[in-house]
Amino acid sequence: MKRTVFALARYQDVLAAAEFLSSAFGFVPHEVAKNHAEILVGDDMIMLGEGKAGGPGIYVAVDDPDAHHDKAVAAGAVVTMELVDQPYGSREYACKDPEGNLWFFGTYRP
């Protein structure tokens, strides 16, 4: 299947964002330039663009949210929702990266 929809997060410092997302969340840099980057999350891709941070946030499914949470906190992520078991069966948490973008991680997979 050819991918047609991509998540996008904006950053003032794209290079620093790509480094943070790699060290905090385990994302894999694909292409990184001064004002644009592409990072891999499993088989999916998130684009990073230059601009003001913010927006609705991005959800990423992970197998072990507890370990993921601990790694993110150690790298400097600011937790906005502690780990919680949701009524729909997902274990998840939310955090902000250094520029204020909101990220959600959990076991739910649509």
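About the thresholds
Residues numbered from 1 in each chain as written. Predicted model: local features only at pLDDT ≥ 70, side-chain atom pairs only at ≥ 80, totals over all residues. Heavy atoms only, no water. Patch = residues over 30% accessible without salt bridge, like charges linked within 9 Å, V, L, I, M, F, W, Y side chains within 5 Å. Areas by Shrake-Rupley, 256 points an atom, 1.4 Å probe, with all protein chains shown as cover. Salt bridge = Lys/Arg side-chain N within 4 Å of Asp/Glu carboxyl O. Helix = DSSP H or I, 4+ residues; strand = E, 2+ residues; numbered from the N terminus. Buried < 20%, exposed > 50% of the residue type's maximum accessible area, 1.4 Å probe, protein only. Phe/Tyr/Trp six-rings, centres within 6.5 Å; stacked < 30°, edge-to-face > 60°. Pairing = 2+ DSSP bridges. Axes fitted to C-alpha atoms, helices over the stretch in contact; angles between N-to-C directions.

Novice: Help me understand a nonpolar patch on the surface in this model?
Specialist: A cluster of nonpolar side chains, Tyr59, Tyr88 and Tyr108, forms an exposed patch at the surface whose accessible area comes to about 320 Å². Its place among the elements puts Tyr88 in the loop between strand 6 (78-85) and strand 7 (91-96). Tyr88 gets classed as partly exposed once you look at its relative accessible area, which sits at 48%.

Novice: Sorry, what's going on with the packing of aromatic side chains here?
Specialist: In this description, an aromatic ring pair is defined by two values, namely the gap between the centres and the angle between the planes. A complete count under the given rule lists 9 aromatic pairs for this structure. Taking the centre distance of 5.6 Å and the plane angle of 55° together, the rings of Phe27 and Trp103 count as tilted. Of this pair, Phe27 sits in the loop between helix 1 (14-25) and strand 2 (28-32) while Trp103 sits in strand 8 (residues 102-106), placing them 76 residues apart in sequence. Accessibility assignment for this pair places Phe27 and Trp103 in one class, buried. Judged by centre distance (5.7 Å) and plane angle (80°), the ring pair of Tyr88 and Tyr108 falls under edge-to-face. Of this pair, Tyr88 sits in the loop between strand 6 and strand 7 while Tyr108 sits in the segment after strand 8, and the two are 20 residues apart along the sequence.

Novice: I would appreciate a short explanation of the sheet that holds strand 2 in the present structure.
Specialist: What holds strands together in a sheet is hydrogen bonding between their backbones, with the strands either parallel or antiparallel. The strand order across the open sheet formed by 4 strands is 1-4-3-2, and the pairing between neighbours is mixed. Of all strands in the sheet, those with a lone pairing partner are strand 1 (7-11) and strand 2, marking the two edges. Sheet twist, expressed as the average angle between the axes of neighbouring strands with direction ignored, equals 25°. Note: strand 1 against strand 4 (residues 44-50), 5 bridges, orientation parallel. Bridged to Ala9 within strand 4 is Leu48.

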